[in-house]
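The chain contents come next:
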Amino acid sequence: MGNPRTIRASVSDDAVELFILSEISSWTAQDFMSAVKFYGNSKPYTLNIYSPGGDPFAAFAIHDYIKASGAKVTARIWGHAASAAAIIACSCERVEMGEMSYLMIHNAYGGDGSNSSENLLADLNEKQVSIFKKRSGKTAAAITKLMEAETWMDAKAAGARAFQETLTAWLAANPKDAGTTKITVETMMD
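Each value, and the rule that gives it
- Residues numbered from 1 in each chain as written.
- Predicted model: local features only at pLDDT ≥ 70, side-chain atom pairs only at ≥ 80, totals over all residues.
- Heavy atoms only, no water.
- Salt bridge = Lys/Arg side-chain N within 4 Å of Asp/Glu carboxyl O.
- Buried < 20%, exposed > 50% of the residue type's maximum accessible area, 1.4 Å probe, protein only.
- Helix = DSSP H or I, 4+ residues; strand = E, 2+ residues; numbered from the N terminus.
- Axes fitted to C-alpha atoms, helices over the stretch in contact; angles between N-to-C directions.
- Parallel < 35°, antiparallel > 145°, perpendicular 65-115°, else oblique.
- Contact = heavy atoms within 4.5 Å.
- Nonpolar A, V, L, I, M, F, W, Y, C, P; charged D, E, K, R; others polar.
- Pairing = 2+ DSSP bridges.
- Phe/Tyr/Trp six-rings, centres within 6.5 Å; stacked < 30°, edge-to-face > 60°.

1. Quick look at the pattern of salt bridges
Phase 1 of the analysis: For the coordinates displayed, the defined rule picks out 4 salt bridges.
Phase 2 of the analysis: In this structure, the salt-bridge partner of Arg94 is Glu96, at a minimum N-O distance of 3.4 Å.
Phase 3 of the analysis: Under the relative-accessibility criterion, Glu96 is labelled buried at 3%.
Phase 4 of the analysis: Residues Lys127 and Asp123 are paired through a salt bridge, measuring 3.5 Å at the closest nitrogen-oxygen approach. Note that Lys127 and Asp123 are positioned in helix 4 (residues 115-136) at a spacing of 4 residues, about one turn of the helix.
Phase 5 of the analysis: Given a relative accessible area of 39%, Lys127 falls into the partly exposed group.
Phase 6 of the analysis: Relative accessible area serves as the criterion here: at 31%, Asp123 is assigned to the partly exposed category.

2. Some points on the packing of helix 2 (residues 56-69) against helix 3 (residues 84-91)
Phase 1 of the analysis: Close contact between helix 2 and helix 3 brings their axes to 8 Å; oriented N to C, the two are set at 10°. Taken as axis vectors, helix 2 and helix 3 run roughly parallel relative to one another. Between helix 2, through Pro56, Ala59, Phe60, Ile62, His63, Ile66 and Lys67, and helix 3, the contact on the second element is made entirely by Ala84, Ile87, Ile88 and Ser91.
Phase 2 of the analysis: Partitioning the contact of helix 2 with helix 3 into residue classes produces 8 nonpolar, 2 polar and 1 charged.

3. Side note on the pairing of strand 1 (residues 8-11)
Phase 1 of the analysis: Across 4 bridges, the pairing between strand 1 and strand 2 (residues 16-20) is antiparallel. Paired with Arg8 across the strands is Phe19, a residue of strand 2.
Phase 2 of the analysis: Hairpin remark: strand 1 followed by strand 2, antiparallel, with 4 residues in the connecting loop.

4. Overview of the packing of aromatic side chains
Phase 1 of the analysis: This structure, assessed with the given rule, holds 3 aromatic pairs.
Phase 2 of the analysis: Ring geometry for Phe38 versus Tyr39: centroids 4.9 Å apart, planes at 85°, classification edge-to-face.
Phase 3 of the analysis: Taking the relative accessible area as the measure of exposure, Phe38 reaches 66% and is therefore exposed.
Phase 4 of the analysis: In this structure Tyr39 comes out as partly exposed when scored by relative accessible area, which is 28%.
Phase 5 of the analysis: A centroid spacing of 6.3 Å and a plane angle of 70° characterise the contact between Tyr102 and Trp152, whose relative ring orientation is edge-to-face. Placement of Tyr102 in strand 6 (residues 102-105) and of Trp152 in strand 7 (residues 151-154) is noted, with a sequence separation of 50 residues between them.
Phase 6 of the analysis: Taking the relative accessible area as the measure of exposure, Tyr102 reaches 37% and is therefore partly exposed.
Phase 7 of the analysis: Take Trp152: its relative accessible area is 43%, and that puts it in the partly exposed class.

Below you can see the structure in the form of structure tokens.
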């Protein structure tokens, strides 16, 4: 069953909406995989993300599962998708951000300072660079520089760096309609 806060789902006749509204953990990966397996890949997914990040291995598991499942997934960032949550968002076919939202990328950290820890961190960083490079079209050197600086990008900056495609503004004239009516404004990609 997992941590009840990891993944929530809302399903309609023509789409599946998933919600990651907490830290990324092994429970998040398990619940995400279970949801996609249960709902299948015949409907498009919207993955709503509000997360400070967490376990990079869980994020890589979700990345690999998205790619292997054939599901069409759009990430929609609300507030922030930082660290491991940014890995998940950038693994999706499309990334949308609320106008006040942030995407944060940085180098992996942790371990005990041993050679094996340092080698693992370097490997984790290479994997992140690969994902962010595919998402943005930037060079590995440019992505590495952004990661080393622990870069926070609001929706406009992420759009300018080609990390996301649209700014999304939700209208909720009636709380019952929240999440069903939207306006999507294309950002400038210089």
